[in-house]
Amino acid sequence: MQTMSRKQSFAQTNTLFLQNPLIQSFLQNEEHESLFLQAMESDDPDIHRELDHRFAVFYLKVRLIQYTNKVARFQGVKFDQRKRKQRGELLLDHTYGSGDREEKISLGETLVEPSMVEEEACWPLQEWLPTPRMKRVWETFTDQKKQILILTVRYEWSTKDIASYFDCSTQNISKLRRQLRQQLQEAYHYDEARYSS
Amino acid sequence: MTKQDILLEVLEQMEPRIQAGLRQTTYQEQEDLKQDMYVQIVQAAERMEPITFWEFKERFDQQEQK
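Here is a short report on the structure shown in this document. The model shown is predicted, which means the values in this text are computed figures rather than measured ones. Position labels on residues start from 1 in each chain and follow its written sequence. For this description, chains carry letters from A and ligands carry numbers from 1, given in the order in which they are written. Reporting of local features is limited, given that this is a predicted model, to residues whose pLDDT is at least 70; pairs of side-chain atoms are given and counted only at 80 or more, and all residues count toward the totals for whole chains, interfaces and linings. Side-chain measures here rest on the full set of heavy atoms in the structure, leaving out hydrogens and waters.

1. Some words on the overall build of chain A
Let me state the cut-off plainly: Here a strand is any run of E in DSSP of at least two residues, a helix any run of H or I of at least four, and the numbering for each starts at the N terminus. Note on exposure labels: buried denotes an accessible area under 20% of the residue type's maximum, exposed denotes more than 50%, and partly exposed covers the range between, all computed with a 1.4 Å probe on protein chains only. In what follows, residue pairs with any heavy atoms lying within 4.5 Å of each other are defined as contacts. The method behind every accessible area is Shrake-Rupley, applied with a 1.4 Å probe, and residues are considered shielded solely by the protein chains displayed.
A count of helices and strands for chain A gives 9 helices and 0 strands. The secondary structure elements of chain A, listed N-terminal to C-terminal, are α-α-α-α-α-α-α-α-α. Residues classed as buried in chain A amount to 39% of the 197 residues present. Sequence-distant contacts, at least 24 apart, represent 61% of the contacts inside chain A between residues at least 6 apart. Summed over its atoms, the accessible surface of chain A is roughly 12,000 Å², and 49% of this surface lies on carbon and sulfur atoms.

2. Details of the interface of chain A and chain B
Defined as follows: The term buried area denotes the loss of accessible surface (1.4 Å probe radius) that occurs when two parts are joined, taken as the sum for both partners. The salt bridge criterion pairs a side-chain nitrogen of Lys or Arg with a carboxyl oxygen of Asp or Glu, the two atoms within 4 Å. We call two N or O atoms a polar contact when they sit within 3.5 Å, provided that within protein one can donate a hydrogen and the other can accept it, with sequence-adjacent residues counted only if both atoms are side-chain atoms. The classification used treats Ala, Val, Leu, Ile, Met, Phe, Trp, Tyr, Cys and Pro as nonpolar, Asp, Glu, Lys and Arg as charged, and all other residues, Gly among them, as polar.
Chain A puts 37 residues into the contact, and the matching count from chain B is 35 residues. Summing both sides of the interface, chain A and chain B together bury roughly 3,500 Å²; the carbon and sulfur share of this comes to 70%. When the buried surface of chain A facing chain B is broken down by residue, A:Phe17, A:Leu64 and A:Phe79 rank first, second and third, together holding 17% of it. Between A:Lys61 and B:Glu9 there is a salt bridge, and its shortest N-O distance comes to 2.7 Å. The interface formed by chain A and chain B contains 11 residue pairs in polar contact (both at pLDDT 80 or more). Of all the secondary-structure elements, those providing two or more residues to the side of chain A that touches chain B are α2 (15-19), α3 (21-28), α4 (30-41) and α5 (45-93) of chain A. Grouping the amino acids of the side of chain A that touches chain B by side-chain chemistry returns 21 nonpolar, 8 polar and 8 charged.

3. Considerations on helix α2 (residues 15-22) of chain B
Note the following rule: Relevant arc is that of directions from the helix axis to the C-beta atoms, nothing else.
Residues of α2(B) that are buried: B:Ile18, B:Gly21 and B:Leu22. Projected down its long axis, α2(B) carries its buried residues within an arc of 105°, all on one side.

4. Looking at the packing of aromatic side chains
This is how the line gets drawn: Between 30 and 60 degrees the pair is tilted, below 30 it is stacked and above 60 it is edge-to-face, where a pair is any two Phe, Tyr or Trp rings, Trp via its six-membered ring, whose centres lie within 6.5 Å.
As enumerated under the stated definition, the model contains 17 aromatic pairs over all chains in all. With 6.5 Å between their ring centres and 85° between their planes, A:Phe10 and A:Phe17 make a pair best called edge-to-face. You can call A:Phe10 buried: its relative accessible area is 13%. Relative to B:Phe53, the ring of A:Phe17 lies with its centre 5.7 Å away and its plane at 80°, an arrangement referred to as edge-to-face. Here the residue A:Phe17 occupies a position in helix α2, and B:Phe53 occupies one in helix α4 (residues 53-65), the pair thus bridging two chains.

5. A word on the nonpolar core
Residue and element names in this part refer to chain A. Note the cut-off: Working definition of a nonpolar core: buried Ala, Val, Leu, Ile, Met, Phe, Trp, Tyr and Cys residues. They are joined through side-chain atoms within 4.5 Å.
Grouped together as the largest cluster of nonpolar side chains are 21 residues, with contacts concentrated most on Trp138, Phe141, Ile148, Ile162 and Leu184. Among the secondary structure elements, those contributing two or more residues to this core are α6 (132-140), α7 (143-153), α8 (159-166) and α9 (170-196). In terms of residue count, α9 provides more of this core than any other element does, 6 residues in total. Counting residues in hydrophobic clusters, the runner-up holds 19 residues, among them Ile23, Phe36, Ala39 and Leu51.

6. Description of the environment of A:Arg133
Residue and element names in this part refer to chain A. Position of Arg133 relative to the elements: it lies in helix α6. Between the alpha carbons of Arg133 and Glu192 there is a distance of 10.0 Å; along the sequence they are 59 residues apart. Residues in contact with Arg133, not counting those within four places in the same chain, are Ala187, Tyr190 and Asp191.

7. Things to note about the packing of helix α1 (residues 3-13) of chain B against α2(B)
All names here are of chain B. Inclusion rule: Helix axes use the C-alpha atoms of the stretch in contact, all axes being lines fitted to C-alpha atoms, and the angles between their N-to-C directions lie in the range 0 to 180 degrees. Note on terminology: angles under 35 degrees are roughly parallel, angles over 145 are roughly antiparallel, angles of 65 to 115 are roughly perpendicular, and the others are oblique.
Where α1 meets α2, the axes come as close as 4 Å, and the angle between the chain directions of the two elements is 60°. When the axis of α1 is compared with that of α2, the two are oblique. Taking contact as the criterion, the partners of Leu11, Glu12 and Gln13 in α1 are, on α2, Glu15, Pro16 and Ile18. Taken together, the residues of the contact of α1 with α2 sort by class into 3 nonpolar, 1 polar and 2 charged.

8. Quick word on the environment of B:Pro50
Inspection of the secondary structure assignment puts B:Pro50 in the loop between α3 (30-47) and α4. For B:Pro50, a relative accessible area of 43% puts it in the partly exposed group. For the pair B:Pro50 and B:Lys3, spaced 47 residues apart in sequence, the C-alpha to C-alpha distance is 8.6 Å. Apart from the residues within four sequence positions on either side, B:Pro50 is in contact with A:Ala56, A:Arg63 and B:Glu55.

9. Topic: the pattern of salt bridges
All names here are of chain A. Scanning the model with the defined rule gives 6 salt bridges over all chains in all. The residue Arg54 makes a salt bridge to Glu50 at a minimum N-O spacing of 3.0 Å. Taken together, the positions of Arg54 and Glu50, both in helix α5 and 4 residues apart, correspond to about one turn of that helix. A relative accessible area of 31% means that Glu50 is categorised as partly exposed. One salt-bridge network, held together by shared partners, links Glu31, Glu50 and Arg54.

As structure tokens, then:
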């Protein structure tokens, strides 16, 4: 009679607690429920210790599953953004048109059709630029400048190939590329100094 | 059951979810991302303190009173 009243009393005074989804989920397991009922009926420290231990394991698992789910969902996005930023920095710091010419892909070997070059100005290179100021600087470039930059970083065309395509001197393209790179680098360093201070 | 056992069990259980998350990056970088994820999860597991049944109830009651 006394046992019944203890259980009933607990249930009456802890309605919200027993309705908690986590507690309900824990008590759905028959062993847990039986242990919980025994703990209600008895003051045996071993039973209470066992209930505590089972719940600690159960709750830790739940928290770890929730955390793992969050990591699986968001870590990929963060990781990809970080890699994109690194790629952007590496591409812009790369010296094009020098080194082993054999390793470079020549105009004839690329998969890019010349007719595609006009469309290249729309290729979203700005998405790969790591800082807001670099994106703004990119927007100020003419279509031709954008094409030169995209052909350089995306397809690794040499200065000679680009000059041949635009029918102008290699010196001109080389000078333009140096200017574009310098402008983007200045924008990058400006943002870097601004955000690190 | 130790914390390490729990962690291993959860990682095994969540493997398909982790694999699905890896598809957010390129195939070449999936191994790096997987390492990144595991480090995050292991570090979080180290920080997590076990909470017993009656501790949980105490915290629940305290929150209800606020």
